[in-house]
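# Structural overview
Each chain, written out:
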Amino acid sequence: MHINDAVFLEDLCPKFRFRQWRKSIHRFTGKSCIYCGKPSESIDHVLPRSQGGLSTTENCVPACLSCNGDKSDENALYWYRRQKFYDPRRAMAIRAWLEGDLRLAIRLLQWANPDFKIANKNYEKDESEYNAA
Ligand SMILES: [Zn+2]
């Protein structure tokens, strides 16, 4: 009953669900911009909404305002390649993210930035289960 109530509440309050979803996106990267590693202050659509990009986890990455604003309506991978802070490991992470493989994306981001801290407890839990199997 309790679970059914919670689902009902989320359906009733799409804004609440949206806020939770945004938070979870930032948590995946420890609140750092997927492009440059600075603190993420926004959610960027990899394929811009103007080109039919959806607001799904696979198409939405944490980004700082600078990257998000500079990239604007461009395709993220083409834009990223031209940046001074371009890092092939991050480019691979973005590709993995787009394919829905967040585990691989996070690993690549960790490789690109050894100081990277995982803030997502669920991810850590998944990882230990994976190792045990
Ligand atoms: Zn950035």
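Anything mentioned here points back to the structure above.
Now for a quick tour of the structure. (Residues numbered from 1 in each chain as written. Predicted model: local features only at pLDDT ≥ 70, side-chain atom pairs only at ≥ 80, totals over all residues. Heavy atoms only, no water.)

## Section: the coordination of the zinc ion
Protein-derived coordination of the zinc ion comes from Cys 33 (SG), Cys 36 (SG), Cys 64 (SG) and Cys 67 (SG), at a distance range of 2.3 Å. With four donor atoms in place around the zinc ion and angles of 103 to 116° between them, the coordination shape is tetrahedral. For the zinc ion, the donor residues sit on a single chain with the sequence spacing C-x2-C-x27-C-x2-C. Here Cys 67 lies in helix 3 (residues 65-71) and Cys 36 lies in the loop between helix 2 (14-28) and strand 1 (42-45), a separation of 31 residues in the sequence. Residue classification places Cys 36 among the partly exposed residues on the basis of a relative accessible area of 22%. Residue class for Cys 67 comes out buried when judged on its relative accessible area of 3%. (Donors = N, O, S within 2.8 Å, 3.2 Å for Na, K, Ca; no water. Tetrahedral: all angles 85-135°; square planar, octahedral: opposite > 155°, others 65-115°. Helix = DSSP H or I, 4+ residues; strand = E, 2+ residues; numbered from the N terminus. Buried < 20%, exposed > 50% of the residue type's maximum accessible area, 1.4 Å probe, protein only.)

## Side note on a positive patch on the surface
Taken together, the side chains of Arg 19, Lys 23, Arg 27 and Lys 31 define a basic patch exposed on the protein surface. Along the chain, Arg 27 turns up in helix 2. (Patch = residues over 30% accessible without salt bridge, like charges linked within 9 Å, V, L, I, M, F, W, Y side chains within 5 Å. Areas by Shrake-Rupley, 256 points an atom, 1.4 Å probe, with all protein chains shown as cover. Salt bridge = Lys/Arg side-chain N within 4 Å of Asp/Glu carboxyl O. Lys, Arg positive; Asp, Glu negative; His and termini not counted. Charge placed at Lys NZ, Arg CZ, Asp CG, Glu CD.)

## What about the environment of Lys 23?
Position of Lys 23 relative to the elements: it lies in helix 2. Taking the C-alpha atoms as reference, Lys 23 lies 9.6 Å from Pro 62; in sequence the two are 39 residues apart.

## Regarding helix 6 (residues 102-112)
Turning to helix 6, its buried residues are Leu 102, Ala 105, Ile 106, Leu 108, Leu 109 and Ala 112. An end-on view of helix 6 places all buried positions within 160° of arc, on one side of the element. (Arc of directions from axis to C-beta.)

## Some points on the packing of helix 5 (residues 88-98) against helix 6
Closest axis-to-axis distance for the helix 5/helix 6 pair is 8 Å, and the angle between their directions is 165°. One way to sum up the angle between helix 5 and helix 6 is to call them roughly antiparallel. As for the relative orientation of helix 5 and helix 6, their crossing is left-handed in sense. Residues Arg 89, Arg 90, Met 92, Ala 93, Ala 96 and Trp 97 of helix 5 form the contact with helix 6, whose own contacting residues are Leu 102, Leu 104, Ala 105, Leu 108, Leu 109, Trp 111 and Ala 112. Classifying every residue of the contact of helix 5 with helix 6 gives eleven nonpolar, no polar and two charged. (Axes fitted to C-alpha atoms, helices over the stretch in contact; angles between N-to-C directions. Parallel < 35°, antiparallel > 145°, perpendicular 65-115°, else oblique. Left-handed = near helix turned anticlockwise from the far one by under 90°. Contact = heavy atoms within 4.5 Å. Nonpolar A, V, L, I, M, F, W, Y, C, P; charged D, E, K, R; others polar.)

## Notes on the nonpolar core
Within soluble globular proteins, side chains that are nonpolar tend to cluster in buried spots. Counting residues in each nonpolar core, the largest one holds 27 residues, and the members touching the most others are Ile 34, Tyr 35 and Trp 97. Those elements that place two or more of their residues in this core are helix 2, strand 2 (60-63), helix 4 (76-81), helix 5 and helix 6. Excluding anything up to four places from it in sequence, Trp 97 contacts Ile 25, Phe 28, Thr 29, Ile 34, Thr 57, Glu 58, Cys 60, Val 61, Pro 62, Leu 102 and Ala 105. (Core = buried A, V, L, I, M, F, W, Y, C linked by side-chain atoms within 4.5 Å.)

## Section: helix 2
A rise of 1.5 Å per residue sets the reference length of helix 2, with its 15 residues, at 21 Å; its end C-alpha atoms lie 21 Å apart and thus fit the reference within 8%. Within helix 2, the full set of buried residues consists of Trp 21, Ser 24, Ile 25, His 26 and Phe 28. Following helix 2 by one or two positions, Gly 30 has its phi on the positive side, about 65°. (Expected span 1.5 Å × (residues − 1).)

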